[in-house]
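Okay, here's what each chain looks like letter by letter:
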Amino acid sequence: MLAQIHFRLRTREAVAAHLKSFSTRNSEREALIRKWFGDAGCTGANLSEQGLDRRLPPNVICVLPGETAEVIVVGAHTDKVESFGDGVVDNWTGAALLPSLVYSLSAQPRHHTLIFVGFSGEEKGLVGSRYYVDHLSNEQRAHVEGMVNFDSLGLGPTEVWASHADQVLLDALAAVAFASKMPVTTMNVDDLGTADSESFARYQIPRITLHSVTQQTWPILHSPFDKMAAIKMNDYYDSYRLIAEYLAYLDDALKAPPAVKPVP
Ligand SMILES: [Zn+2]
């Protein structure tokens, strides 16, 4: 256990129940995440939707205010491809974790303001995440110290797209994985696809994407086999535990170094 880390966990049963409550309609998926954000305590001005220019469901946004204006964005896309499968892996596994992570991180005061975003239209070309980051002001973008994205968890142990991750975020992930004895390995998907984290990279915002896809399981995505039956629940729950601890760790690790005190 790393020092100064505070988080709580939902039970395996609760996490599994959220995953199994998926809809195959993108508008219903967004609405479910919004409802669960509310259940996790995100209410009033801290819970909002961001309509897109195109005929897609909105982004859904939950803000957990911190002690400073510094921000960590935590994202996962809510939509599935229109054609095949139930879209459970890609990306209900990621979206359904967002409200559980709100629960996990909300028990203690935070240094950073955590902004959880369920992005719409990822499968249409990162539409929701691009819209989100494009519509931040320059000042707002400057306050985002990191963007942590999850896409397609639960096919196996946690993987990280290391070649498209910021080194500080990567080192922090390795530290948490080592301390908690939970596995993380590198699986780069440069030649296979993209993810909402890349919308943030366009603005030089440090970003990282966690997933679970390997060369063997890649064909499940966007296929009729993207169903509950593809999920390894133990691995999925481990990914949730790892990510909850990772976010708690980042909240501490990404603090600006204390100002040098003047010598009296
Ligand atoms: Zn995806």
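Residues numbered from 1 in each chain as written. Predicted model: local features only at pLDDT ≥ 70, side-chain atom pairs only at ≥ 80, totals over all residues. Heavy atoms only, no water.

> Can you help me understand the coordination of the zinc ion in this one?
In an ideal octahedron of six donors the angles at the metal are 90 or 180 degrees, and in an ideal tetrahedron of four donors they are 109.5 degrees. Only His77 (NE2), Asp90 (OD), Asp151 (OD) and Asp151 (OD) from the protein coordinate the zinc ion, and they sit 2.1 to 2.5 Å from it. Between the four donor atoms coordinating the zinc ion, the angles at the centre fall across 55 to 145 degrees, so the site counts as irregular. Mapped onto the polypeptide sequence, the residues donating to the zinc ion form the spacing pattern H-x12-D-x60-D. Highlighted residues: His77 in strand S3 (residues 71–77) and Asp90 in helix H3 (residues 88–95), separated in sequence by 13 residues. (Donors = N, O, S within 2.8 Å, 3.2 Å for Na, K, Ca; no water. Tetrahedral: all angles 85-135°; square planar, octahedral: opposite > 155°, others 65-115°. Helix = DSSP H or I, 4+ residues; strand = E, 2+ residues; numbered from the N terminus.)

> When you look at empty space enclosed by the protein in this model, what are you seeing that I'm missing?
Sizing a probe to match a water molecule and rolling it over the atoms shows the empty space that remains. Scanning the entire structure with this criterion turns up one cavity of 30 Å³ or more. Within this model, the largest cavity holds a volume of roughly 40 Å³. Contributing to the lining of the largest cavity are Pro157, Thr158, Met182, Pro183, Asp235 and Asp238. Looking at the lining of the largest cavity, its residues break down into three nonpolar, one polar and two charged. (1 Å grid on protein atoms, 1.4 Å probe; cavity = no way out; pocket = protein on both sides within 12 Å on 5 of 7 lines; lining within 4 Å. Points joined across faces, edges and corners; volume = space filled by probe spheres on them. Nonpolar A, V, L, I, M, F, W, Y, C, P; charged D, E, K, R; others polar.)

> I would appreciate a short explanation of the pairing of S3 in the present structure.
Looking along a regular strand, one sees the side chains alternate between the two faces of the sheet. Summarising burial for S3: seven of the seven residues are buried, a large majority. Side chains of S3 alternate between two faces, with Val71, Val73, Gly75 and His77 and Ile72, Val74 and Ala76 buried alike. Both S3 and strand S4 (residues 113–119) contribute to a ladder of seven bridges, which runs parallel. Looking across to S4, one finds that His77 is bridged to Phe119. Relative to strand S5 (residues 144–150), S3 is paired through five bridges, and the arrangement is parallel. Looking across to S5, one finds that Val74 is bridged to Val148. (Buried < 20%, exposed > 50% of the residue type's maximum accessible area, 1.4 Å probe, protein only. Pairing = 2+ DSSP bridges.)

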